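Here are the chains, one letter per residue:
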Amino acid sequence: MGTQRPNNQRGLFCEESAASFGASATGEARSAARQGVEVHTACQSNERPTPTDRLMEMICAEENIEAAVRRVRANAGSPGVDGMTTRELPRYLKRNWPQIQRQLTDGRYQPQAVRRVVIEKPGGGERMLGIPTVIDRVIQQAVLQVLQPQWDGTFHERSYGFRPGRSAHHAVEQAQAYISDGYRYVVDIDLEQFFDRVNHDVLMSRVAQRIDDKRVLRLIRAYLTSGIMQGGITSPRRAGTPQGGPLSPLLSNLLLDELDWELQRRGHQFVRYADDCNIYVRSERSGQRVMESVERFLVKRLRLRINHAKSGVATVWERSFLGFSYRQGRQRVVRTIAPKSIARFRTKVRQLTKRHRGRSLPRMIVELSQYLRGWKSYFRWSQTQTDFHDLDGWIRRRLRSYQWKQWKHSRGRVAALTKRGIEFWDAVWFVRRAQGIWAESRSVVMSRALPTAYFDELGLVRLAPK
């Protein structure tokens, strides 16, 4: 890493350096909603990246490690099994980095176990995350920053997941283009527990084709096989590349890149985003043949299985892709929000606006708007606005019913309504004839007392344009 800087200069891992965030640092998968949506075509190259047996020195270069620290700190995230937070990271590395660096360059570094976290999937079921320690996240990030620029240009252009300058929106657009070209059937492939079932030997054989430095190969395998801690007990891992570490997306793309090029060799029109792959064909019969042949390829070559419960062959109007679905408009194919996405959205909003949460309305709106902002950022790419307007009205009705419940008794409701500009006797009449919380939430009186402008003043995010 070169000579040590004098103590009176800004050195490696100092607070000022680590707190800043450089635009050049790329890393842990960014949300697709944060990226642009113009169709991106990367420069493709099938040639193997330039091999080097000095790759570990490039990984441990001071500038690369500093960039990795900035990225990990910017992403924050939960502590690993050692409990260390990203705020403690610079001070720890300032004391211990020379020793860690020697272990890396000598090929002796051993990662700690990852902390297992179970989260619910939006469509049901559970997803297992493996949270590495912040030290291991820095090292993985440093490896990623060296390997990704070398590998990314060799990946197929129809792969959109976890790649710089690409997003789920790009994948949805490409799928729409195929449908517009007359491919009205889709072979929808979902890999069964992909990140938990990746065969280490198969993956490492692909990694070894691109890396000559045996120290880096040992390090990557060590990350694949590091134990999983849950409930204080560490278990060995014999398969999988757990989601949660910076390297996992790159390794998954490397493995599935072989599928991409096989699909091109067969002349198929396809789009892949991580482990979701859609192949577009012109008939159901063709789709069934493609499904059978691709399944054989996945099992034989990559030792992966298809999740038959989520996969299938159907018309493009029957399936959704990355939260979007398609319909035939008068003159063109239109992308819209998938019904399942709207159903999940309503479920989440119901949870955030339960009538017995014990929150003030302004506080509830702050929490709700945080979710709405992220959802809107992703689904704004829908080409229909009707869903947004309908959901805005439904949300305001939920909030009016919540406020009506909080006003509790008749006297308090009359007082609150008159305070909100309703005539006293109109308020009395309305409270006396009230037929139920949900019914009254759509009334003219409640709309006058709590108009759209009132929710705007409280900062409620609107899904539809004003």
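Within every chain, residues take consecutive numbers counted from 1 along the sequence as written. It should be noted that, the model being predicted, local features are given only for residues of pLDDT at least 70 and side-chain atom pairs only at 80 or more, the latter also being counted only at that level, while totals for whole chains, interfaces and linings use all residues. In computing side-chain values, all of the structure's heavy atoms are included and hydrogens and water are not.

**Quick notes on the confidence of the model for the protein chain**
Cut-off, in case you're wondering: A residue's pLDDT is the confidence the predictor assigns to it, expressed on a 0 to 100 scale. Only heavy atoms enter the contact rule, under which two residues are in contact if any of them lie within 4.5 Å.
Across the protein chain, pLDDT averages 86, with 86% of residues at or above 70. For residues 1-10, every residue scores under 50 in pLDDT, and the model assigns this stretch 13 contacts once sequence neighbours within four places are set aside. The low-confidence segment residues 16-43, where pLDDT is below 50, has 69 contacts with residues more than four positions distant or belonging to other chains.

**Some thoughts on the sheet that holds strand E6 (residues 269-273)**
So the rule is basically this: The criterion for strand pairing is that DSSP finds at least two bridges linking the strands in question. Secondary structure elements are taken from DSSP: a helix is a run of H or I of four residues or more, a strand is a run of E of two residues or more, and numbering for both begins at the N terminus. Axes here mean lines fitted to C-alpha atoms, for a helix over just the part in contact, with angles spanning 0 to 180 degrees between N-to-C directions.
Strand order in the open sheet formed by four strands is E6-E7-E3-E8, with antiparallel pairing between adjacent strands. The two strands at the open ends of the sheet, each matched to only one other strand, are E6 and strand E8 (312-315). If you compare each strand with its neighbour and ignore which way they point, the axes differ by 20 degrees on average. In the sheet, strand E3 (residues 185-190) pairs with strand E7 (residues 276-281) via six bridges, with the strands oriented antiparallel. Paired with Val187 across the two strands is Ile279, which belongs to E7. Where helix H6 (residues 168-180) meets the sheet, it contacts E6 and E7, and its direction lies at approximately 165 degrees from that of E6. Most of the contacts of helix H10 (residues 247-265) go to E6, to which it runs at about 170 degrees, and overall it touches E6 and E7.

**Observations regarding the packing of helix H5 (residues 134-151) against H10**
Selection criterion: The crossing is said to be left-handed when, going from far helix to near helix, the turn is anticlockwise and less than a right angle, and right-handed when the turn is clockwise. Charged means Asp, Glu, Lys or Arg here, nonpolar means Ala, Val, Leu, Ile, Met, Phe, Trp, Tyr, Cys or Pro, and polar covers whatever is left, Gly included.
As a packed pair, H5 and H10 sit with axes 9 Å apart at the nearest point and diverge in direction by 35 degrees. Along this stretch, H5 crosses H10, giving a crossing that reads as left-handed. The residues of H10 that touch H5, namely those facing Gln140, Val143, Leu144, Leu147, Gln148 and Trp151, are Leu247, Leu250, Leu251 and Leu254. Tallied by class, the residues present in the contact of H5 with H10 amount to eight nonpolar, two polar and no charged.

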